[in-house]
Amino acid sequence: MSEPIHPSAPHHLPSFITAPGDTDVMMVVVGIFLIVAVLAVGNFYLHLHSLPERMAHKSQKFQFEIVAVLGLLSLFTHNHLFWVIGLFLAMIDLPDFSTPLRRIAGSVEKMAGVPPEQDPTEPQVGDAAHADEAKARIEKAGGAKSEVHSHA
């Protein structure tokens, strides 16, 4: 049984207008679309926000950390200048000054006869057999160096 339509209402109602007490299908579809759209746009912006960090991930650790801090600052302060600086810093390859300086310092220590310090980035030597083997290699290399220095 259908209820009669009000006399002042148009005779051909659009399909999205429902009768009282029925489920409003249009509202449900628009609500689901709105939730999906908000999640998609949020995912896009978070993906875009992490772009400098993903670019700097291939670079040096120090540069990556600076870019990550700039990204966090831009996220929490809503200051987009930090994000732009982080993006530019991620695009630039900074020269590696620490490796050549570390190698020069190690060579100078060997020339002076000072045993080289353990590099914190290298794994620790676990047992005594490996330590004795490493010492023997250092002494052997030091002996070869002393022969080279003797005729200079």
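The structure reproduced in this document is the subject of the present report. (Residues numbered from 1 in each chain as written. Predicted model: local features only at pLDDT ≥ 70, side-chain atom pairs only at ≥ 80, totals over all residues. Heavy atoms only, no water.)

Comments concerning the overall build of the chain
For the chain, the count of helices and strands is six helices and zero strands. When the elements of the chain are put in sequence order from the N terminus, they spell out α-α-α-α-α-α. Here the chain holds 152 residues, and 9% of them are scored as buried. Here the analysis covers contacts within the chain between residues at least 6 apart in sequence; of these, 40% occur between residues at least 24 apart. Accessible surface, the chain as shown: approximately 13100 Å² in total, 69% of it carbon and sulfur. (Helix = DSSP H or I, 4+ residues; strand = E, 2+ residues; numbered from the N terminus. Buried < 20%, exposed > 50% of the residue type's maximum accessible area, 1.4 Å probe, protein only. Contact = heavy atoms within 4.5 Å. Areas by Shrake-Rupley, 256 points an atom, 1.4 Å probe, with all protein chains shown as cover.)

A look at the nonpolar core
Judged by nonpolar contacts, Ala56, Val67, Leu70, Leu89 and Ala90 together constitute the single largest core of five residues. Those elements giving two or more residues to this core turn out to be α3 (61-77) and α4 (80-91). (Core = buried A, V, L, I, M, F, W, Y, C linked by side-chain atoms within 4.5 Å.)

Some remarks on the packing of α3 against α4
Two elements in contact, α3 and α4, have axes separated by 8 Å at closest approach and are oriented at 160 degrees. Here α3 lies roughly antiparallel to α4, going by the angle between them. Remark: the crossing between α3 and α4 carries left-handed chirality. Residues Gln63, Ile66, Val67, Leu70, Leu73, Ser74 and Thr77 of α3 form the contact with α4, whose participating residues are Phe82, Trp83, Ile85, Gly86, Leu89 and Ala90. (Axes fitted to C-alpha atoms, helices over the stretch in contact; angles between N-to-C directions. Parallel < 35°, antiparallel > 145°, perpendicular 65-115°, else oblique. Left-handed = near helix turned anticlockwise from the far one by under 90°.)

Focus on helix α1 (residues 25-49)
Between its first and last C-alpha atoms α1 spans 36 Å; for 25 residues at 1.5 Å apiece the expected length is 36 Å, and the two agree. In terms of residue burial, α1 counts as a barely covered element, since only one of its 25 residues are buried. (Expected span 1.5 Å × (residues − 1).)

Some thoughts on unusual backbone geometry
Non-glycine residue His78 carries a positive phi angle of around 60 degrees. By secondary structure assignment, the location of His78 is in the loop between α3 and α4.

With respect to α3
Relative to the 24 Å expected for 17 residues at 1.5 Å per residue, α3 spans 24 Å between its end C-alpha atoms, a close match to the ideal helical length. Along α3, the residues that are buried comprise Gln63, Val67, Ala68, Leu70, Gly71 and Ser74. Each buried residue of α3 sits inside an arc of 160 degrees when the element is viewed along its axis, so together they form one side. Exposed residues pointing more than 90 degrees away from the buried face of α3 are listed as Lys61, Phe62 and Phe76. (Arc of directions from axis to C-beta.)

A few points about a nonpolar patch on the surface
On the surface, Ile5, Leu13, Phe16, Ile17, Met26 and Val30 cluster together into a nonpolar patch covering about 560 Å² of accessible area. By relative accessible area, which is 49% here, Phe16 ends up partly exposed. (Patch = residues over 30% accessible without salt bridge, like charges linked within 9 Å, V, L, I, M, F, W, Y side chains within 5 Å. Salt bridge = Lys/Arg side-chain N within 4 Å of Asp/Glu carboxyl O.)

Brief notes about the side chain of Gln63
Along the chain, the position of Gln63 falls in helix α3. By relative accessible area, which is 1% here, Gln63 ends up buried.

Brief notes about the side chain of Ser74
By the element assignment, Ser74 lies in helix α3. By relative accessible area, Ser74 is classed as buried at 7%. At a separation of 2.8 Å, a polar atom in the side chain of Ser74 contacts the main-chain carbonyl oxygen of Gly71. (Polar contact = N/O pair within 3.5 Å; in protein donor to acceptor, adjacent residues only side chain to side chain.)

A word on the environment of Gln60
Along the chain, Gln60 turns up in the loop between α2 (51-56) and α3. We classify Gln60 as partly exposed; its relative accessible area is 28%. Those residues in contact with Gln60, other than ones at most four positions away along the chain, are Leu94, Pro95 and Asp96.

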